[in-house]
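Read off the chains here:
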Amino acid sequence: MAGEGQAIKAVNPATGDTMEPSFGGAVPADVEKACALAAEAFDRYRETSLEQRAAFLEKIADNIEALAEPLTERAHAESGLPVARLQGERGRTAGQLRLFAKTVRDGHWLDARIDPALPDREPLPRPDLRLRNIAVGPVAIFGASNFPLAFSVAGGDTASALAAGCPVVVKAHPAHPGTSELVGSAIAKAVEDAGLPEGVFSMLHGADHATGTALVTNPHIKAVGFTGSRGGGLALMKAAASRPEPIPVFAEMSSINPVLLLPEALKARGAEIGKGFAGSLTMGAGQFCTNPGLVLALGEEGLDAFVSAAKEALGESAPATMLTPAIHTAYDEGVAKLEAHSALELIGRGGESTGPHQSRAALFAVDHEAFMNDDALQAEVFGSSSIIVRCRTAEDAAQVLERVEGQLTITLQMDEGDTETARPLLPIMERRAGRILANAFPTGVEVSHAMVHGGPFPATSDSRTTSVGTLAIRRFLRPVCYQSISESLLPEVLRDANAEGVPRLVDGDMKIN
């Protein structure tokens, strides 16, 4: 939706040059129009057949893939991310849309339930009770800076909301307006081709916080999806909670993703783990929400090998362009604070910068006691920066895990002999994170049915949900019970005929048809 407000232009972070064309920012009237169109479209869109909605999602995926290299090239210019990475991200974006199409078709997410009437039950009869999930209403989605495709205009939040039956109003990220415009046009074309109401999808541009606040506080909006900074997420949560009708904000915000080096693994393969860790830390200039920003080393044997290998690999790592000038500035300031901290030892840095807005990886080390005495050391530095905490015992590591905030991930590097060391740590990890890994690194999130990309605050604003994987659809649903409603008024999925073949729980027993 073209706005009448301040013009927005992208900045190429690799050169610092301003890019053409400009995109009109939204004014309050634009926000109101988009939200009103979404509200007008809601009842019609949420009652589309499962097949129609699935086909619509697949059409969006087709349209995005058809954009091919022009989309990748624009995203590369606006984000500084490598072309190969963006090609993969484009495939992931289309893939998750198709996965949600499959999810829509199978109908499990409706959680359809039927408790037939028991008129002869004593002492009181039971009425006929039927339940299904319905969409919550129009959803506001905020594009993320670090994934201009997979977490942006047609990313997982949008895909899951559309799958649930919610019209979507997207606020495009101001760092990549051209990329957003291309993807937004692909969705709008799919809406038109499917014969759906215009308000099923709208997109707004806005460089300041006013557009986002106006969107979240608009009474037509019933939920919010956000990926970004803790400050941004908290501001949206506050605005949503202050409305006359408060609404949920599903915000993915801040995580340092601890990696535990257990003793036997550290002894046996410290150098190998160190090299792999450095690769994970520097991937994409560290601009992943699952970047390993904290390492807990249990014991000393093998730690020197880990540190030496990580330091060497970091020294060989090429500096990488960060997403925006502001993100680069914040990273440099964060690393400078760590360098000035009296308790921290600088282990190594990445290669020297050769251009504007490039980051140099940074690795520090600290003793367990010093880390426990300063909560500031667990603050996220968004980028390729990490701290090794030297833990003498598993009890030290348990203390650190109890101290750190909620996380998206916690990783175990362990061998067979570490099982008993890991066992008492596992309950703490379950309380602290949404995903627990063994012998891998947290960067890289599979889009699947069992994935959880969420966790206790401040990793996310609601630890019961995920922003990646098919379970994400549940964020935008609510249950409705129909008591003694006639067959002719019931929704199709709850009628006796079950024309769409939706799985249903009938009097406590699962029936496929």
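Residues numbered from 1 in each chain as written. Predicted model: local features only at pLDDT ≥ 70, side-chain atom pairs only at ≥ 80, totals over all residues. Heavy atoms only, no water.

### Notes on the side chain of H173
Test applied: Each helix is a run of DSSP H or I of at least 4 residues and each strand a run of E of at least 2, with the numbering of both proceeding from the N terminus. Any N or O atom pair separated by 3.5 Å or less is treated as a polar contact, with the protein-specific requirement of one donor-capable and one acceptor-capable atom, and with residues adjacent in sequence counted only for side-chain atom pairs.
Position of H173 among the secondary structure elements: in the loop between β6 (168-171) and α5 (177-193). One polar contact links the side chain of H173 to the main-chain amide nitrogen of A175, over a distance of 3.0 Å.

### Quick word on the packing of aromatic side chains
To keep it simple, the criterion reads: Each pair of aromatic rings taken from Phe, Tyr and Trp, with Trp reduced to its six-membered ring, is defined by centres within 6.5 Å and is described as stacked if the planes are under 30 degrees apart, edge-to-face if over 60, and tilted in the remaining cases. Buried means the residue's accessible area, taken with a 1.4 Å probe over protein chains only, is under 20% of the maximum for its type, while exposed means over 50%, and partly exposed covers the values in between.
Tallied over the entire structure, the rule returns six aromatic pairs. Taken together, a centroid distance of 6.1 Å and an interplanar angle of 70 degrees make the contact between F142 and F226 edge-to-face. Separated by 84 residues along the polypeptide, F142 in strand β5 (residues 139-142) and F226 in strand β8 (residues 223-227) bring together distant segments of the chain. Look at F147 and F288: their rings are 5.7 Å apart centre to centre, the planes differ by 75 degrees, and that puts the pair in the edge-to-face class. Remark: F288 occurs in the loop between α8 (263-282) and β11 (294-298) and F147 occurs in the loop between β5 and α4 (156-164); sequence separation between them is 141 residues. Here F147 matches F288 in class, with each residue buried.

### Notes on the environment of G156
How we decide: Whether two residues are in contact is decided by their heavy atoms: any pair within 4.5 Å suffices.
By the element assignment, G156 lies in helix α4. In the structure, G156 is positioned 39 residues away from G195 in sequence and 23 Å away in space, judged by C-alpha atoms. With residues up to four places along the chain from it excluded, the contact list for G156 reads Q96, F100, A150, S467 and R475.

### Quick word on empty space enclosed by the protein
Applicable threshold: Here the term cavity refers to a set of points on a 1 Å grid, laid over the protein atoms alone, in which a 1.4 Å probe fits but cannot get out; the term pocket refers to an open set having protein on both sides within 12 Å along at least five of seven lines, with lining residues being those that place an atom within 4 Å of a point. Grid points are joined across faces, edges and corners, and a volume is the space filled by probe spheres set on the points.
Applying the stated criterion across every chain, the model contains three cavities of 30 Å³ or more. Size it by volume and the largest cavity reaches roughly 140 Å³. Lining the largest cavity are 17 residues, with I256, G293, E380, V381 and S385 positioned closest to its centre. The greatest single-element share of the lining of the largest cavity, amounting to three residues, is contributed by strand β16 (residues 385-391). In this structure, the second largest cavity spans a volume of roughly 60 Å³.

### A word on the pattern of salt bridges
What counts here: Every case where a carboxyl oxygen of Asp or Glu lies within 4 Å of a side-chain nitrogen of Lys or Arg is listed as a salt bridge.
Applying the stated criterion across every chain, the model contains 34 salt bridges. Between R390 and E345 there is a salt bridge, with its nearest N and O atoms 2.6 Å apart. Linking R390 in strand β16 with E345 in strand β13 (residues 345-349), this pair joins segments that are 45 residues apart in sequence. Residue classification places R390 among the partly exposed positions, given a relative accessible area of 31%. The closest approach of N and O atoms between E420 and R423, which form a salt bridge, is 2.8 Å. Look at the salt bridges and you will find they share partners, linking D43, R46, E47 and R132 into a network.

### Looking at the sheet that holds strand β20 (residues 504-506)
For clarity, the threshold we go by: When DSSP locates at least two bridges between a pair of strands, those strands are taken to pair. For every element, the axis is a line fit to its C-alpha atoms; helices are fit only across the contacting stretch, and the angle between N-to-C directions ranges from 0 to 180 degrees.
Here five strands make up an open sheet; going across it, the order is β19-β4-β3-β20-β21 and the pairing mixed. Edge positions in the open sheet fall to β19 (477-483) and β21 (509-511), since each of these has one partner strand only. Each adjacent strand pair in this sheet contributes to an overall mean axis angle of 25 degrees, direction not counted. As paired elements, strand β3 (residues 112-115) and β20 share three bridges and run parallel to each other. Along β20, the bridge assignment pairs A112 with R504.

### Some points on the sheet that holds strand β18 (residues 433-438)
The strand order across the open sheet built from seven strands is β13-β15-β16-β11-β10-β17-β18, with neighbouring strands paired in mixed fashion. Taken across any chain shown, the strands that pair with only one partner, and hence form the sheet edges, are β13 and β18. Averaged over all adjacent pairs, the angle separating strand axes in this sheet is 20 degrees, with direction ignored. When β11 meets β16, the two strands line up parallel, connected through five bridges.

### Examining the pairing of β11
Rule in force here: Clockwise travel from the first strand over the helix to the second, with the strands pointing away from the viewer, marks a crossover as right-handed.
Burial runs high along β11: five of the five residues are buried. Side chains L294, L296 and L298 project from β11 onto one buried face, and the interleaved V295 and A297 project onto a second face that is buried too. In this sheet, β11 lies alongside strand β10 (residues 258-261) in parallel orientation, the contact comprising four bridges. Following the sheet pairing, V259 is matched in β11 by V295. Regarding the hand of the β-α-β motif, the stretch spanning β10, α8 and β11 is right-handed.

### A short note on the layout of surface pockets
In this approach the atoms are scanned with a rolling probe the size of a water molecule, which exposes any empty space left behind. If you add up the space inside the largest pocket, you get close to 1,300 Å³. Taken together, 45 residues line the largest pocket, and the ones lying closest to its centre are G228, S229, R230, G231 and G232. Sorting the residues of the lining of the largest pocket by element identifies α6 (209-217), β8, α7 (230-241) and α10 (325-340) as the ones contributing at least two each. Residue contributions to the lining of the largest pocket peak at eight residues, all from α10.

Note that every value here comes from positions in space, so none of it alone points to a role or purpose.
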